[in-house]
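Descriptive structure summary
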Amino acid sequence: MRRIVIIVVFSVFCFANSYSQEEEKKTDEIKDFYLKKGKGFEFHFDQDKYMFYIDFRGQFRASYPHNNFPTNEDDFSDDDINMGISRARIKFGGYVGRPEYNFYLEQDVRGGNLLDFRAQIEKLSYLKFRVGQWKARYSRERIISSGKQTGLERSLINRVFTIDRQQGVSLYGNLDGGGAANFNYWAEILTGSGRGGSVGDDDNLMYMMRLQWNPNGKELGFSGSDLKFHEKFVSSVAIAAVTNTSKYTRFSTSGGGQLYGYEPGVDGQYKVDQFMFETAFKYRGLSFDQELHFKNIDDKVNLEETLLMGNYFQVGYFFHYLFDKFPKPLEVFARQAFYDPDTDISGNNNYEYTFGLNWFFKGHKNKLTIDYSYLQFNQFTIEDNIDHMVRVQWDVSIF
């Protein structure tokens, strides 16, 4: 009898202990505050009704003889070893009430500029809303974060054709009709004055539209390299167009500026119309990206009109799929790009041929990249238009 009592008591104790552990788990799931690593270092409040995260990212680069592609004749005279911090960013983000009501802020520590500050309502997959400042969803190469690229830096044509960061509003979403009937769209109304810029005195706005087809029924995320080693082929085909009238012919992280050969403008001087065709895919360690750009600049002051054209394609591959002894963290990539600054003039194209290696210590969060570029610039009036560039970069995020 005593033995039976002991067994019953022990059983009750085990059940109570198990129940207590389950209750603790439930309590953990709904506790008022906890920390975890996710998008960065995440702070969760009030039973997950609020979440805030923070992350720090830095890029440390050494290069010779240029830090990036030459933009004028004087750059070809460079013969220096450049070492320093290429980028340093603090990222904040999170949601209020529910994950569908989220926000994001990114600060450039090195340059002291506020890069991104946007709020989003993403309750409906087919109709989402954004307001603030961000990289306009125009071309894939520019949309992809500098910390998630395949290459060490973006291609030769990015500086010419990107519309970069703008302030404004956007409607976007995914239209899924099943299978190949899967599309993403972005419609944006922007100030057209670049990062930190308000509407100009001419009261003109920038209008942008991007339509992306996902033929495999799945969205291809905006990141470089096939780190997920997709066993199923996933791809995207996109077109985009933008029109803007302002005093600028180009945009960058620094804001509005001018392409080589264009004078500083006045409000409403340059009417710029652009069109882009883009393809991309990932499959079993292989990644591919391509963009074809057209850009028409109508100078309303000097009564001159110029059509620019450019294209790039990039391939990255993890060769351990073919060779067992090839290191799994090592990716080989190659890129070719060309840029025609005026299609009415022959023999003035600029070319880039880049080859490089990525070693991923922890995905894009911690990677080492080395690349070599062979450059030919026919646009500039210089004796020797051939140049070379070697760069090494360590890209690391703290969390």
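See the structure shown above.
For the structure given in this document, a descriptive report is provided here.

Reading the values: rules and limits
Residues numbered from 1 in each chain as written. Predicted model: local features only at pLDDT ≥ 70, side-chain atom pairs only at ≥ 80, totals over all residues. Heavy atoms only, no water. Helix = DSSP H or I, 4+ residues; strand = E, 2+ residues; numbered from the N terminus. Buried < 20%, exposed > 50% of the residue type's maximum accessible area, 1.4 Å probe, protein only. Contact = heavy atoms within 4.5 Å. Areas by Shrake-Rupley, 256 points an atom, 1.4 Å probe, with all protein chains shown as cover. Lys, Arg positive; Asp, Glu negative; His and termini not counted. Charge placed at Lys NZ, Arg CZ, Asp CG, Glu CD. Core = buried A, V, L, I, M, F, W, Y, C linked by side-chain atoms within 4.5 Å. Phe/Tyr/Trp six-rings, centres within 6.5 Å; stacked < 30°, edge-to-face > 60°. Lys NZ or Arg CZ within 6 Å of the ring centre and 35° of its normal. Salt bridge = Lys/Arg side-chain N within 4 Å of Asp/Glu carboxyl O. Pairing = 2+ DSSP bridges.

In this section: the overall build of the protein chain. Helix and strand counts for the protein chain stand at three helices and 20 strands. Seen through its C-alpha atoms, the protein chain measures out along the principal axes to roughly 105 × 55 × 45 Å. Scored against the burial criterion, the 399 residues of the protein chain give a buried share of 46%. Taking as baseline every contact in the protein chain between residues at least 6 positions apart, the subset at least 24 positions apart corresponds to 59%. For the protein chain, the computed accessible surface area is about 20000 Å², with 60% contributed by carbon and sulfur atoms. Placing the 47 positive and 53 negative side-chain charges of the protein chain at their respective mean positions leaves the two points 11 Å apart.

To continue, consider the nonpolar core. With 18 residues, the main nonpolar core has Leu-308 and Tyr-339 as its most contacted residues. Those elements giving two or more residues to this core turn out to be helix H3 (158–161), strand E14 (270–283), strand E16 (304–317), strand E17 (330–340) and strand E19 (366–377). In this view, Tyr-339 contacts Leu-156, Ile-157, Val-160, Phe-161, Leu-308, Met-309, Gly-310, Asn-348, Asn-349, Asn-350 and Gln-379; residues no more than four positions away in its chain are not counted. Listed in part, the 14 residues of the second largest apolar core include Trp-134, Tyr-172, Trp-186 and Leu-190.

Tallying each qualifying case throughout the model produces 26 aromatic pairs. With 5.8 Å between their ring centres and 40° between their planes, Phe-318 and Phe-360 make a pair best called tilted. Residue Phe-318 is located in the loop between E16 and E17, and its partner Phe-360 is located in strand E18 (residues 350–360); the two are separated by 42 residues in the primary sequence. Both residues of the pair, Phe-318 and Phe-360, count as buried. Sitting over the ring of Tyr-172, Arg-130 keeps its end group 5.0 Å from the ring centre. Looking at Arg-391, its charged tip hangs above the ring of Phe-69, at a distance of 5.6 Å from the centre.

In this section: the environment of Ala-88. With respect to the secondary-structure elements, Ala-88 resides in strand E4 (residues 82–96). With a relative accessible area of 17%, Ala-88 lands in the buried category. Spatially, the C-alpha atoms of Ala-88 and Gln-107 are 8.6 Å apart, while their sequence positions differ by 19 residues. Residues in contact with Ala-88, not counting those within four places in the same chain, are Arg-57, Gly-58, Gln-107, Asp-108, Val-109 and Arg-110.

This part is about the pattern of salt bridges. Counting across every chain of the model gives 17 salt bridges. Measuring nitrogen to oxygen at the nearest pair gives 2.5 Å for the salt bridge that ties Arg-284 to Glu-231. One end of the pair, Arg-284, is in the loop between E14 and strand E15 (286–299); the other, Glu-231, is in the loop between strand E10 (206–213) and strand E11 (234–246), and 53 residues separate them in sequence. The class for Glu-231 is partly exposed, based on a relative accessible area of 48%.

Attention shifts here to the environment of Arg-159. Tracing the sequence through the fold places Arg-159 in helix H3. Distance from Arg-159 to Leu-205, taken between C-alpha atoms, is 21 Å for residues 46 residues apart in sequence. Setting aside chain neighbours within four positions, we find Arg-159 in contact with Thr-71, Arg-250, Phe-251, Gln-258 and Leu-259.

So, about the pairing of strand E20 (residues 386–397). Pairing analysis gives eight bridges linking strand E3 (residues 50–64) to E20, with the strands arranged antiparallel. For Gln-59, the partnering residue across the bridge sits in E20 and is Asp-395. Pairing geometry for E19 and E20, over 11 bridges, is antiparallel. Looking at E20, one finds that Tyr-372 is bridged to Val-390.

We now examine unusual backbone geometry. The phi angle of most residues is negative, glycine excepted, and most peptide bonds adopt the trans form. In this chain, Tyr-64 is followed by Pro-65 through a cis amide linkage whose omega measures -10°. Mapped onto the elements of the fold, Pro-65 is located in the loop between E3 and E4. Phi at Asp-46 is positive, roughly 50°, even though this residue is not glycine. Along the polypeptide, Asp-46 turns up in the loop between strand E2 (41–45) and E3. Take Asp-46: its relative accessible area is 33%, and that puts it in the partly exposed class. A positive phi angle is found at Gln-47, which is not glycine, with a value near 55°.

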